[in-house]
Each structure stands twice: as structure tokens, then as C-alpha cells.
Amino acid sequence: MKKLLAALVIFISTNVNANNCENGFVRLTFDDGPNPVHTLNVLDILQKYNSRATFFVIGQNVIRYPEVVKRIAIDGHRIGNHSWDHAHLTKLTYGEIQAQFKNTNDEIKKITGFNAVEWRP
């Protein structure tokens, strides 16, 4: 994880700023959180470089770490839905897939006041 965070710092500090976005934008996304250690480290780095990202969260982790979800929202990042328990969606029925995303959205809304409008299977 330390190597990943070091790479993130280098990437953001050299690539993500208003001066070099004239040819396009970079969109940072993170999956499978929130995590009370790794997500908070990433949030600190993003805050240091005044950068934003989208965090695709798993519903079960949202329940475990609501304070991390609050921090993501308070810091101005987007929150996306990454299913309830990271199930293999191709092995689920349509109703089960709907439940995966609905249950996660319900928990995100309880904590942040809004639904995730993006999702990642």
C-alpha cells in the first residue's frame, strides 16, 4: 500500500492541476472501500493536492465505516455504488442485482443525504 500511496502522490503532484488540464482531465477513482486506513490516507493526499476523486464503495463497508463515508462526502468527493458485497453479478438474478445496488444506495443516503448516481459493477 505504501508504494501505491507514493505513486498517487507523484501522479497527482505532476499531473493533476489547473495548468495542465487544457487538453483534458484526469479522473481518479477508487474501488472497494471505504477502509479506515487506506481510504483516509488517500483522502489526506487528495486534500493536500486539492484534488477530487470518485470512491466506489461497497455497502457492507459503508455500514462498517460510516465516518469514512462522511469524510469522503465532506471533502467534496463523489461517492459511487460498487454493490453490497462485491458479488459476481453475472451469477445473480436480476432481483438480486437490484438489491445489491439498492441496499448500498440506501446506506449511502442514510449517511450523506444523497444517493449515489454512479455505479461500478
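Along each chain, numbering runs from 1 in the same order as the chain's sequence is written. Given that this is a predicted model, residues contribute local features only at a pLDDT of at least 70 and side-chain atom pairs are listed and counted only at 80 or more, while totals for whole chains, interfaces and linings are drawn from all residues. The basis for every side-chain value is the complete set of non-hydrogen atoms in the structure, without hydrogens or water.

A. View of the overall build of the chain. Strands here are runs of E lasting at least two residues and helices are runs of H or I lasting at least four, both read from the DSSP assignment and numbered beginning at the N terminus. For the chain, the count of helices and strands is five helices and three strands. For every residue, the accessible area obtained with a 1.4 Å probe (protein chains only) is divided by the maximum for its type, and the residue is called buried under 20%, exposed over 50%, and partly exposed between those limits. Expressed as a percentage of the 121 residues in the chain, the buried residues total 36%. Contact criterion: two residues are considered in contact whenever any of their non-hydrogen atoms come within 4.5 Å of each other. Looking at the chain alone, contacts between residues at least 24 apart form 68% of all its contacts between residues at least 6 apart. Summed over all atoms, the accessible surface of the chain reaches about 7,500 Å², with 55% contributed by carbon and sulfur. What sets the accessible areas is the Shrake-Rupley method with a 1.4 Å probe; for residues, cover comes only from the shown protein chains.

B. Fine view of the environment of G76. Checked against the element boundaries, G76 lands in the loop between α4 (66-74) and β3 (78-81). Considered as a pair, G76 and R52 are 24 residues apart in the sequence and their alpha carbons are 7.0 Å apart.

C. Looking closely at the sheet that holds strand β1 (residues 28-33). Taken in spatial order, the three strands make up an open sheet running β1-β2-β3, and their pairing is parallel. With one partner strand each, in any of the chains shown, β1 and β3 form the two edges of the open sheet. Averaged over all pairs of adjacent strands, the angle between strand axes in this sheet comes to 25°, irrespective of strand direction. Two elements, β1 and strand β2 (residues 53-57), share five bridges in a ladder whose sense is parallel. Within the sheet, the bridge partner assigned to L28 lies in β2 and is A53. Only the contacting stretch of a helix is used when fitting its axis, a line to C-alpha atoms as for every element, and angles between N-to-C directions run 0 to 180 degrees. Sheet strands in contact with helix α2 (residues 38-48) are β1 and β2, and its direction is about 170° off that of β2. Here helix α5 (residues 94-112) sits on the sheet in contact with β2 and β3, set at roughly 155° to β3. One bridge is not enough; two strands pair if DSSP finds at least two bridges between them.

D. Region of interest: the side chain of H82. Looking at the element boundaries, H82 is found in the loop between β3 and α5. Whenever a nitrogen or oxygen atom comes within 3.5 Å of another N or O atom, the pair is scored as a polar contact, on the condition that within protein one atom can donate a hydrogen and the other can accept it, and that pairs from neighbouring residues in sequence are kept only if both atoms are in side chains. Side-chain polar atoms of H82 contact the backbone oxygen of R120, separated by 2.7 Å. Contacts of H82, omitting those with residues within four sequence positions, involve D31, D32, F56, V57, I58, F101, R120 and P121.

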